[in-house]
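These are the residues of each chain, in order.
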Amino acid sequence: MSVVPQPTVTLDDRFARELSEMAVPWQADEAPDPRLLVLNVPLAAELGLDSKSLRTTQGSRLLTGTFLPPGATPVAQAYSGHQFGGFSPRLGDGRALLLGEIADPAGGIHDLHLKGSGRTPFARGGDGLAAVGPMLREYLISEAMHALGIPTTRALAVVATGRQVRRETLLPGAVLARVAGSHLRVGSFQFAQTTGDVGLIRRLADHALARHYPDAAHSEHPYLALFEAVMAAQAALVAQWMLVGFVHGVMNTDNMTISGETIDYGPCAFMDEFNPAAVYSSIDESGRYAYANQPVVAEWNLARLAEALLPLIHDDQEKAVALATDALGGFRRLYGDAWTTGMKAKLGLAGNPDDSLQSLIDDLLALLQADRVDYTSFFRSLAAAARGDTDPVRIQCDDAVGVDAWLHRWRALGPDATALDRVNPAYIPRNHLVEEALAAATDGDLMPFERLLEAVTSPYDERPGMERYAAAAPEDFGAYRTFCGT
Ligand SMILES: Nc1ncnc2c1ncn2[C@@H]1O[C@H](COP(=O)(O)OP(=O)(O)OP(=O)(O)O)[C@@H](O)[C@H]1O
Ligand SMILES: [Mg+2]
């Protein structure tokens, strides 16, 4: 008789213990017929989890929160947030649970978290659920981001629950098991701020320092150092989004992490043609979260974090404001430096001095915008041009004279062709492919999802037979729209 392995995992409850005012102990809903749709075997291994046992029925129960290891204390986390600029004092995990913290074999600490696990006391009017399509979407795009080297929450698994979810139609329900450095958000600090309890803000800040920025904890002004560390992490993160053409879509303060990981893949999208005004979210009517606005919004959100930290920065409020304002003044330089360094790498010119490059970069972006060139394909084709074959670049541009002049200037600087292929991805989760894969998965066919996942999780390694994953959207795909709260 074969022995069925039992999933074993040790979950700490440090957040629940240290910040009980922000943690409501709660249970996941029972899933009537749990079925594992996708398991991230490499991530499970990194966490020291046994994939075989996660594939069992008990494993699916663990991944939907209905089988709990001894000592686990699942909680819904409280947070507030500015949503499209308006403040909501009480948001929190309405359909999510923090199962606890896992220590990986190397000693790193990660949250194990569920999304779509049932209503919690923060659910307000929501049903607490999530559908298969949007949870697979988060899995696919977060894993693509990770493969692109961009800090992000990770996806461990998606389990179909066997429960129907009512959206515009009835859809199959699912739970996403998500892994993150933590789920501390700017909105977590805003929640602590709304309580008026400076002791709570301090405990939260100490928790964040210990978890993410231990060096800052030992500095002379640890809370100002915490703010500066988050600011640096977010400046670097948003620069990376911009460099790959990623539009987050809902940069509310509750969707911005303290760790500097990308979180919440609800309405995000990758840009096809280069367009600074690109907006995909159906509810972002004013373009607040448009592509080019993302650094501006990040800075605005960081100002909200600074406000929440003021009582810790200095006892004298005026002095606290002056110190925080001064610190926030560093954001633009941090962001600009990260972006410029990244853009130089995308041009194969990592070693070149900055001064000669600014106009080269500006002229390129103007050309891409005017000719509505596919952003990802253009940069990918630069490696061939650096090797002498400029046709793949030239055929993408209407302005033949303009592109030839630009290529001439660029090639004179000696771009490094090999480096280009390591920086500019061939495969990103293109919107038309994502929609195709999710529609098939919702109808029960996971093959297109698996193929696309395979492409985008090795984004730089161009493979024969995968040409359609590198190609721009067909003309008839039309304008792309995405949705929140799915
Ligand atoms: N179906 C739902 N039922 C209950 N609450 C919901 C539902 N959808 C969203 N919410 C809540 O609405 C708020 C904003 O949702 P948002 O779409 O930003 O987050 P999310 O996608 O649910 O989760 P996360 O930010 O953890 O990825 C959050 O408090 C979230 O928990
Ligand atoms: Mg969210």
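Described in the following lines is the structure provided in the data block. What you see is a predicted model; the values in this text were computed from it and never measured.

Brief notes about the pairing of strand E7 (residues 109–115)
No. 1: With six of seven residues buried, E7 lies mostly within the body of the structure.
No. 2: When strand E6 (residues 96–103) meets E7, the two strands line up antiparallel, connected through seven bridges. Within E7, the position partnered with Ala 96 by the bridge is Lys 115.
No. 3: Linkage of E6 to E7, two consecutive antiparallel strands, is achieved through a turn of five residues, within which Gly 107 is found at a positive phi near 100°.
No. 4: One ladder, built from five bridges, connects E7 with strand E9 (residues 170–180); its direction is antiparallel. Paired with Leu 112 across the bridge in E9 is Val 179.

Comments concerning the environment of Gln 358
No. 1: Structurally, Gln 358 can be placed in helix H13 (residues 358–370).
No. 2: Judged by C-beta crowding, with 11 C-beta atoms within 10 Å, Gln 358 ranks as exposed.
No. 3: Counting along the chain gives 117 residues from Gln 358 to Trp 241, while the straight-line C-alpha distance between them is 20 Å.

Comments concerning unusual backbone geometry
No. 1: One non-glycine residue, Phe 84, adopts positive backbone phi at about 50°.
No. 2: Relative to the helices and strands, Phe 84 resides in the loop between strand E4 (81–83) and strand E5 (86–88).
No. 3: With a phi angle near 45°, Arg 124 is a residue other than glycine that sits in the positive phi range.
No. 4: Structurally, Arg 124 can be placed in the loop between E7 and helix H5 (132–147).
No. 5: With 11 C-beta atoms packed within 10 Å, Arg 124 lands in the exposed category.

Calculation criteria
- Residues numbered from 1 in each chain as written.
- Chains lettered and ligands numbered in written order.
- Predicted model: local features only at pLDDT ≥ 70, side-chain atom pairs only at ≥ 80, totals over all residues.
- Buried ≥ 20, exposed ≤ 12 C-beta atoms within 10 Å, placed from the backbone.
- Helix = DSSP H or I, 4+ residues; strand = E, 2+ residues; numbered from the N terminus.
- Pairing = 2+ DSSP bridges.

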